[in-house]
Amino acid sequence: MNILIVANFCYDFKGIVDGRFLYLAELLSNQGHKVELVTSDFSHFTKKAKGAPRQEAYKTKLTYCHEPSYAKHIGLKRLWSHYVWGINVMKYVQCLEKPDLIYCAIPSLTAAKLLGTYCMNNGIKFVIDVQDLWPEATFMLIKNRLLQLCALPMKWYVDKSYAAADYIVAVSKTYIERVMLVNKKATKQISVFLGNDAIYFETGKYFQVNKPQDEIWINYVGTLGYSCIFTEVSMKCVIDAIAILNNRNSINQIVRFIVCGDGPLRLDFESYAKEKHVNVQFCGRLPYDKMVGVMCSCEIVVNCISKGAAQSIINKVGDYALSGLPVINTQESSEYRHLIEDYQCGINCECGNAIHVADAIEKLVLDSNLRKKMGANARKLGEERFDRRKTYQRIVDLITKG
């Protein structure tokens, strides 16, 4: 089977099989299919041009299409950049032998819209993989009226892409429900979380760090800047909760907040933590294996997400589950909150309510048996729903068997 995978936001190809689409591409290639992965020559994560891929390390053919650079997550240059990349992808695809199937990540939008039309006109199976809801996820961040107007065509683009799909894959059921509002032809839809390879995750435990026995560590992983899922308020809520807890004097141990991530708001958070007399350790952005080591050295993980965020099952919650630690969650997504309730692997709190978060921390700190029970349930959730070795075979079966 000749399969073309198109995905903008891939990492550099340095010999490691990471990221959803490279992992999927290699699974298909290892089963004897002819697979090509088309992506951008610009890294959204580092805001720099990618280095040449180490093609010899992969069975999948790797192709870069040019994308103009941009410096900010939100802005006209990024919209233009994605538009140009989509045009360049379409030009490249039109020069290829027609594949049997095109598997396309959404976002970005221009490539998906053009490829959907191309597939319908040429009798090619078109499968979309919805990673995020645009424009819903971005509207809450856009304050500039001009940018809001520029973003309006995004809904038209994305609806066209959704409607063209023969099969639908998404990282949550919530996203599938959104697609099905406009798609009347897809015969199959599956939700497969982003997840990670559990064996790869386990290698990070070698980087666990020694910690004082009289301290309880609470871990957060993520970017410290304004984004579709994170605001200044969401992080300060956790700092406020620990300050409330310190004032109660109900815990004999020191509660320390361990933050893995970096961004433009880091200095603000450092100042705020000092003002509140809260012990916070900022580790910066760490390589994945070291981040896992720090996480697994903690007793609790926290998922603090902006109020009104459109995202559902985000990437970090898979790592949180695989860590085998109880999670304190403020994310409003009903899908994720139900997972926590069904697996009894953490405590859901009202978004932005520091007293609720303080109560949850206190409950877990004072009851080590509850931490262990919820941690074991979290690991079960990770193995059943977030281990790519098991879950991604469902996508392979959809692509190859229909």
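Calculation criteria
Residues numbered from 1 in each chain as written. Predicted model: local features only at pLDDT ≥ 70, side-chain atom pairs only at ≥ 80, totals over all residues. Heavy atoms only, no water. Helix = DSSP H or I, 4+ residues; strand = E, 2+ residues; numbered from the N terminus. Buried < 20%, exposed > 50% of the residue type's maximum accessible area, 1.4 Å probe, protein only. Areas by Shrake-Rupley, 256 points an atom, 1.4 Å probe, with all protein chains shown as cover. Lys, Arg positive; Asp, Glu negative; His and termini not counted. Charge placed at Lys NZ, Arg CZ, Asp CG, Glu CD. Polar contact = N/O pair within 3.5 Å; in protein donor to acceptor, adjacent residues only side chain to side chain. Contact = heavy atoms within 4.5 Å. Pairing = 2+ DSSP bridges. Axes fitted to C-alpha atoms, helices over the stretch in contact; angles between N-to-C directions. Parallel < 35°, antiparallel > 145°, perpendicular 65-115°, else oblique. Nonpolar A, V, L, I, M, F, W, Y, C, P; charged D, E, K, R; others polar. Core = buried A, V, L, I, M, F, W, Y, C linked by side-chain atoms within 4.5 Å. Phe/Tyr/Trp six-rings, centres within 6.5 Å; stacked < 30°, edge-to-face > 60°. Lys NZ or Arg CZ within 6 Å of the ring centre and 35° of its normal.

Student: Can you help me understand the overall build of the protein in this one?
Tutor: The secondary structure content of the protein amounts to 16 helices and 15 strands. With the principal axes as the frame, the protein shows a C-alpha extent of 70 × 50 × 40 Å. Per-residue burial over the protein gives 58% buried out of 402 residues. When the accessible surface of the protein is split by element, carbon and sulfur atoms take 53% of a total near 17,400 Å². Computed over 50 positive and 40 negative side-chain charges, the separation of the two mean positions in the protein equals 4 Å.

Student: Whenever I open this one, the side chain of Ser172 confuses me. Can you help?
Tutor: Of note, Ser172 is situated in the loop between strand S8 (167-170) and helix H6 (173-179). Judged by relative accessible area, which is 0%, Ser172 ranks as buried. A distance of 3.4 Å separates polar atoms of two side chains, one belonging to Ser172 and the other to Glu335. The residues touching Ser172, leaving out its near neighbours within four places in the chain, are Ser191, Phe193, Ser312, Ile313 and Glu335.

Student: Sorry, what's going on with the sheet that holds S8 here?
Tutor: In a beta sheet, neighbouring strands are held together by backbone hydrogen bonds and run either parallel or antiparallel to one another. The strand order across the open sheet formed by seven strands is S5-S2-S1-S6-S7-S8-S9, and the pairing between neighbours is parallel. Where the open sheet ends on each side, the last strands, each with one partner, are strand S5 (61-65) and strand S9 (188-191). Averaged over all adjacent pairs, the angle separating strand axes in this sheet is 20 degrees, with direction ignored. Bridge analysis of strand S6 (residues 101-106) against strand S7 (residues 125-130) gives six bridges, and the strand direction is parallel.

Student: Can you help me understand the packing of helix H2 (residues 76-94) against helix H3 (residues 110-122) in this one?
Tutor: Packed helices, taken two at a time, are described by their axes: the angle between them and the distance between them. For the pair H2 and H3, interaxial distance at closest approach is 7 Å and the crossing angle is 30 degrees. For the element pair H2 / H3, the angle class is roughly parallel. Together, His82, Tyr83, Trp85, Gly86, Ile87, Val89, Met90, Val93 and Gln94 of H2 and Thr110, Ala111, Leu114, Leu115 and Tyr118 of H3 make up the contact between the two elements. The class makeup of the residues in the contact of H2 with H3 is 10 nonpolar, four polar and no charged.

Student: Mind showing me how you'd approach the sheet that holds strand S13 (residues 300-303) here?
Tutor: Strand order in the open sheet made by the six strands is S12-S11-S10-S13-S14-S15, with parallel pairing throughout. Strands with a single pairing partner mark the edges of an open sheet, and in this sheet they are strand S12 (279-284) and strand S15 (346-348). Across this sheet, the average inter-strand angle for adjacent strands is 20 degrees, counted without regard to direction. Across seven bridges, strand S10 (residues 215-221) lies against strand S11 (residues 254-260) in parallel orientation. Bridge pairing in S11 places Tyr220 opposite Val259. Helix H10 (residues 288-295) contacts S10, S11, S12 and S13 of the sheet and is inclined by roughly 145 degrees relative to S10.

Student: I would appreciate a short explanation of the nonpolar core in the present structure.
Tutor: As a rule of thumb, soluble globular proteins bury nonpolar side chains together. Grouped together as the largest cluster of nonpolar side chains are 70 residues, with contacts concentrated most on Tyr220, Met235, Phe257, Val259, Met295, Ile328 and Ile361. Tallying contributions element by element places helix H8 (residues 232-248) first for this core, with eight residues. Setting aside chain neighbours within four positions, we find Ile328 in contact with Ile300, Val301, Val302, Asn303, Ile347, Cys349, Val357, Ala360, Ile361 and Leu364. In this structure, Ala111, Tyr118, Tyr162 and Ala186 belong to the second largest nonpolar core, which totals 36 residues.

Student: Would you mind going over unusual backbone geometry with me for this structure?
Tutor: Across the chain, the bulk of peptide bonds are trans and the bulk of non-glycine residues have phi less than zero. Of note, the amide linkage connecting Ile106 to Pro107 takes the cis form, showing an omega dihedral of -5 degrees. Tracing the backbone through its elements, the reader meets Pro107 in the loop between S6 and H3. Cis rather than trans, the peptide bond between Pro107 and Ser108 has omega equal to 10 degrees. Summarising the element assignment, Ser108 is placed in the loop between S6 and H3. In this structure, Lys47 takes a positive phi of about 60 degrees despite not being glycine. Relative to the helices and strands, Lys47 is located in the loop between strand S3 (42-43) and strand S4 (48-49). Even without glycine at this site, Gln344 takes up a positive phi of about 50 degrees. Here Gln344 is to be found in the loop between helix H12 (334-343) and S15.

Student: Got a minute to help me understand the packing of aromatic side chains in this structure?
Tutor: To describe a pair of aromatic rings, you give the distance between the ring centres and the angle between the ring planes. Counted according to the given criterion, the structure contains 10 aromatic pairs. Arranged with centres 5.4 Å apart and planes meeting at 15 degrees, the rings of Tyr200 and Tyr288 form a pair that is stacked. Of this pair, Tyr200 sits in helix H7 (residues 198-203) while Tyr288 is found in helix H10, placing the two residues 88 residues apart along the sequence. Given the relative accessible area of 31%, Tyr200 is considered partly exposed. A relative accessible area of 22% places Tyr288 in the partly exposed class. A network of ring pairs unites the aromatic residues Phe13, Tyr58 and Tyr64 as a single cluster. In this structure, Lys236 packs its charged tip against the face of Tyr272, placed 4.7 Å from the ring centre.

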